[in-house]
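Each chain, written out:
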Amino acid sequence: MIGTLIKAEWYKLKHHHIYAILIIGPLLTLLIGMLNPMMGDMGAYHPWLSLFLFMNLPYALLFLPLITGVIACIICRYEHQAGGWKQWATLPVTRTQIYVSKLILIALLVLIIQMIYGLVIFIAGTVKGFDVVFPYWTVGKFIIGGWLATFPMIALQLWAAMHWRSFAVAFTINVVFTLPSILAINSERFGPFYPWAQPFFAMYVDESMSGMLFIPISQMLLVTGGSFIVFLVLGIATFKQKAI
Amino acid sequence: MMTYIVQTTNLTKQFDKYAAVTNVDLKIKEGEIYGFLGPNGAGKSTTIRMLLGLMKPTRGQVTIFNQDLHKHRQTILRQVGSLVENPSYYPHLTAKENLEVLRMVLDVPKARIMEVLEMVRLTHVANKKVKGFSLGMKQRLGIAQALLHQPRLLILDEPTNGLDPEGIIEIRQLIKKLAEQGITIIISSHLLSEIDQIATTIGIIAKGKLIYQDSISAMHALAKNRLGIRTNDVNQTQQIIGGEVEGDVVYCTKYNNRQVATYIAQLVTANIDVYRVEEEKHSLEAIFLQMIEEAEHK
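Note that the coordinates shown come from a computational prediction; the quantities given were computed from them, not determined experimentally. (Residues numbered from 1 in each chain as written. Chains lettered and ligands numbered in written order. Predicted model: local features only at pLDDT ≥ 70, side-chain atom pairs only at ≥ 80, totals over all residues. Heavy atoms only, no water.)

### Let's talk about the overall build of chain A
Then, in step 1: If you tally the helices and strands in chain A, you get 11 helices and 0 strands.
Then, in step 2: The order of α-helices and β-strands along chain A, N terminus first, is α-α-α-α-α-α-α-α-α-α-α.
Then, in step 3: In summary, chain A has a C-alpha radius of gyration of 19 Å against a globular reference of 18 Å for 244 residues, a match within 12%.
Then, in step 4: Principal axes of the C-alpha set define a box for chain A whose edges measure 60 × 40 × 30 Å.
Then, in step 5: Here chain A holds 244 residues, and the buried ones make up 56% of them.
Then, in step 6: Roughly 10800 Å² of accessible area belongs to chain A as shown, and the carbon and sulfur atoms make up 74% of that amount. (Helix = DSSP H or I, 4+ residues; strand = E, 2+ residues; numbered from the N terminus. Rg over C-alpha atoms; globule rule 2.2 N^0.38 Å. Buried < 20%, exposed > 50% of the residue type's maximum accessible area, 1.4 Å probe, protein only. Areas by Shrake-Rupley, 256 points an atom, 1.4 Å probe, with all protein chains shown as cover.)

### Brief notes about the overall build of chain B
Then, in step 1: When helices and strands are tallied, chain B shows 11 helices and 15 strands.
Then, in step 2: In terms of C-alpha radius of gyration, chain B reaches 24 Å, well past the compact-globule figure of 19 Å for 298 residues.
Then, in step 3: Across the 298 residues that make up chain B, the buried fraction comes to 52%.
Then, in step 4: Here chain B displays about 14400 Å² of accessible surface, and carbon together with sulfur accounts for 48% of that area.
Then, in step 5: Separation of charge centres in chain B, based on 35 positive and 32 negative side chains, amounts to 8 Å. (Lys, Arg positive; Asp, Glu negative; His and termini not counted. Charge placed at Lys NZ, Arg CZ, Asp CG, Glu CD.)

### Topic: the pattern of salt bridges
Then, in step 1: Inspection of the entire model under this criterion finds 16 salt bridges over all chains.
Then, in step 2: Put simply, lysine 12 of chain A and glutamate 9 of chain A hold a salt bridge, and the shortest N to O gap is 3.2 Å. A residue pair is termed a helical-turn pair when its members lie 3 or 4 positions apart in one helix, as lysine 12 of chain A and glutamate 9 of chain A do in helix H1 (residues 2–12) at 3 residues. Each member of the pair, lysine 12 of chain A as well as glutamate 9 of chain A, carries the same accessibility label: buried.
Then, in step 3: Close ionic contact of arginine 112 of chain B with glutamate 115 of chain B constitutes a salt bridge, the shortest N to O distance being 2.8 Å. With arginine 112 of chain B and glutamate 115 of chain B both in helix H4 (residues 111–119), this residue pair falls 3 residues apart, about one helical turn.
Then, in step 4: Classification of arginine 112 of chain B by relative accessible area gives buried; the value is 10%.
Then, in step 5: Overall, glutamate 115 of chain B belongs to the partly exposed group, its relative accessible area being 41%. (Salt bridge = Lys/Arg side-chain N within 4 Å of Asp/Glu carboxyl O.)

### Describing the interface of chain B and chain A
Then, in step 1: Taken together, the contact between chain B and chain A spans 30 residues of the former and 32 residues of the latter.
Then, in step 2: When the area that chain B buries against chain A is broken down by residue, the three leading residues are Leu54, Tyr90 and Val105 of chain B, summing to 25%.
Then, in step 3: Here chain B is connected to chain A by 1 salt bridge.
Then, in step 4: One salt bridge connects lysine 14 of chain A with glutamate 97 of chain B, and the closest N-O pair in it is separated by 3.1 Å.
Then, in step 5: Viewed at the interface, chain A and chain B are joined by 17 residue pairs in polar contact (both at pLDDT 80 or more). (Contact = heavy atoms within 4.5 Å. Buried area = accessible area lost by both parts, 1.4 Å probe. Polar contact = N/O pair within 3.5 Å; in protein donor to acceptor, adjacent residues only side chain to side chain.)

### Considering the sheet that holds strand E11 (residues 209–215) of chain B
Residue and element names in this part refer to chain B.
Then, in step 1: Taken in spatial order, the 6 strands make up an open sheet running E7-E8-E9-E4-E10-E11, and their pairing is mixed. A strand with exactly one partner marks an edge of an open sheet, and here the two such strands are strand E7 (80–83) and E11. Taking the axes of each pair of neighbouring strands and ignoring which way they run, one obtains an average angle of 15° across the sheet.
Then, in step 2: With 6 bridges joining them, strand E10 (residues 201–206) and E11 adopt antiparallel strand pairing. Along E11, the bridge assignment pairs glycine 203 with glutamine 213.
Then, in step 3: The sheet contacts of helix H5 (residues 135–147) involve E7 and strand E8 (153–157), and relative to E7 the element is tilted by about 165°.
Then, in step 4: In this fold helix H11 (residues 284–297) packs onto strand E4 (33–37), E10 and E11, with an angle of close to 35° to the strand it touches most, E10. (Pairing = 2+ DSSP bridges. Axes fitted to C-alpha atoms, helices over the stretch in contact; angles between N-to-C directions.)

### Notes on the sheet that holds strand E14 (residues 249–252) of chain B
All names here are of chain B.
Then, in step 1: The strand order across the open sheet formed by 4 strands is E13-E14-E12-E15, and the pairing between neighbours is antiparallel. Looking at strand neighbours, the two that pair on one side only are strand E13 (244–246) and strand E15 (274–280), the edges of this open sheet. Strand-to-strand twist of the sheet, defined as the mean angle between neighbouring strand axes without regard to direction, takes the value 25°.
Then, in step 2: One ladder, built from 4 bridges, connects strand E12 (residues 226–231) with E14; its direction is antiparallel. The residue bridging isoleucine 229 from the neighbouring strand is valine 250, located in E14.
Then, in step 3: Lying on the sheet, helix H10 (residues 257–269) is in contact with E12, E14 and E15; it crosses E12 at an angle near 15°.

### A look at the confidence of the model for chain B
Then, in step 1: Looking at chain B as a whole, the pLDDT averages 89, with 99% of positions reaching at least 70.
Then, in step 2: In the predicted assembly, ipTM is 0.85 and pTM is 0.85. (pLDDT = per-residue confidence, 0-100.)

### Some remarks on the side chain of lysine 102 of chain A
Residue and element names in this part refer to chain A.
Then, in step 1: If you trace the backbone, lysine 102 turns up in helix H5 (residues 95–128).
Then, in step 2: A distance of 2.8 Å separates a polar atom in the side chain of lysine 102 from a polar atom in the side chain of glutamate 79.
Then, in step 3: Other than its neighbours up to four places away in sequence, lysine 102 contacts Glu9, Lys12, Ile75, Tyr78, Glu79, Trp85 and Leu158.

See below:
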């Protein structure tokens, strides 16, 4: 049933220019990375590493969380417009199925964004003519790690977007939580515990390039996993109780 | 024991201090067109929302197809089509796409989409985006959506709202046709005339309470006309012609032209002064309004 619901959700995105939204984050990042004058002064470093350094920062800290929020808003917007929730809730499916199918679709779309980002990096490095082999393993790690790290945001954004009719309110919440990440990553004490900063940590490439992911598994499970479950459970509970 | 396709027991919805629906016991038999009548804000939509599980009752039980809605919601909803208040649709999708989205979840053959569009006469705009539709067209699309999975029970909340007279007649004919196919239909309205023309059973709700529930013919029986005779002597008049006394008027319910002439002749012979002989037309409308008024003053 969930599979059918996800397909139906995807069908509803018709005429929404969703591809443009999927591609905008990686493209903006590319622009910023390419325009950065410091890019040229990194000669002594591993070229891919310095590329990651310049591009992953704005991408993981800003564009990825913001676009995740935008997608969550879009996926709920058409339900708010003209009684969509009402119609969907009178179908022979449970509310949990409805909620989870939306969540999975958002997660899949974010995964597509991550893959586009990987492709963009590859193209950027190739165009620049890097003489070192593309570090597939490293890129694969931060793409998947960064993706997993967005799950709590997806859950919270979906909850907010479902609850508030207004696109503006849900999006503001997204921005309000995203911006403090810039401060959080500079704090050794709070940074590792701030859910919105997790994509940054998950995509932060250190020089050793070791480990399963770039952050300790315990932090991944505790912060990302923990906050994801809390937001998911609260979101589902709210949706189940909601009088439509 | 009589079995009902929809039955509610003590159905109650309380919002903070305001009781929207109080102890409503609906009893709806299979194959009926049940007219759910009540003024705006009487609790019709709240009741319907609870029938569909869109809203949880504060108290009471909903049984549909002899199954508890709370426990078997999905099995029940698979056989229920509904249109609640304003039609629901995705404005950015075409009429056909709107139906396709539902079709995917309901798992019915693709051909059914054109069938239902044909039924509500929307085939000519099947590929147009719904945001450009008139209210009447949206309403008809809503009915098409409700019919997509060939439901056993159809719940239509104010389906003729915002339709022009022609549209209303069309919807009415469609509902009658569906009822002939054996679908049980609940149709709510705040207009008595609307319900009167179509329903087989009527339930009247006012201030959250179900104040009347019976066949439409029983309601019509209440609406019988009566003859009022005012004379200078009420008691003697009643002795001669029978009937009931209300104030200084004697009313009788069974009369024809012949009898009226006889009554007058008898009264005149008995030396009673006849002031007025009036037929009082008790319309269905008047009875309805009286019921509502009584409920509101309680």
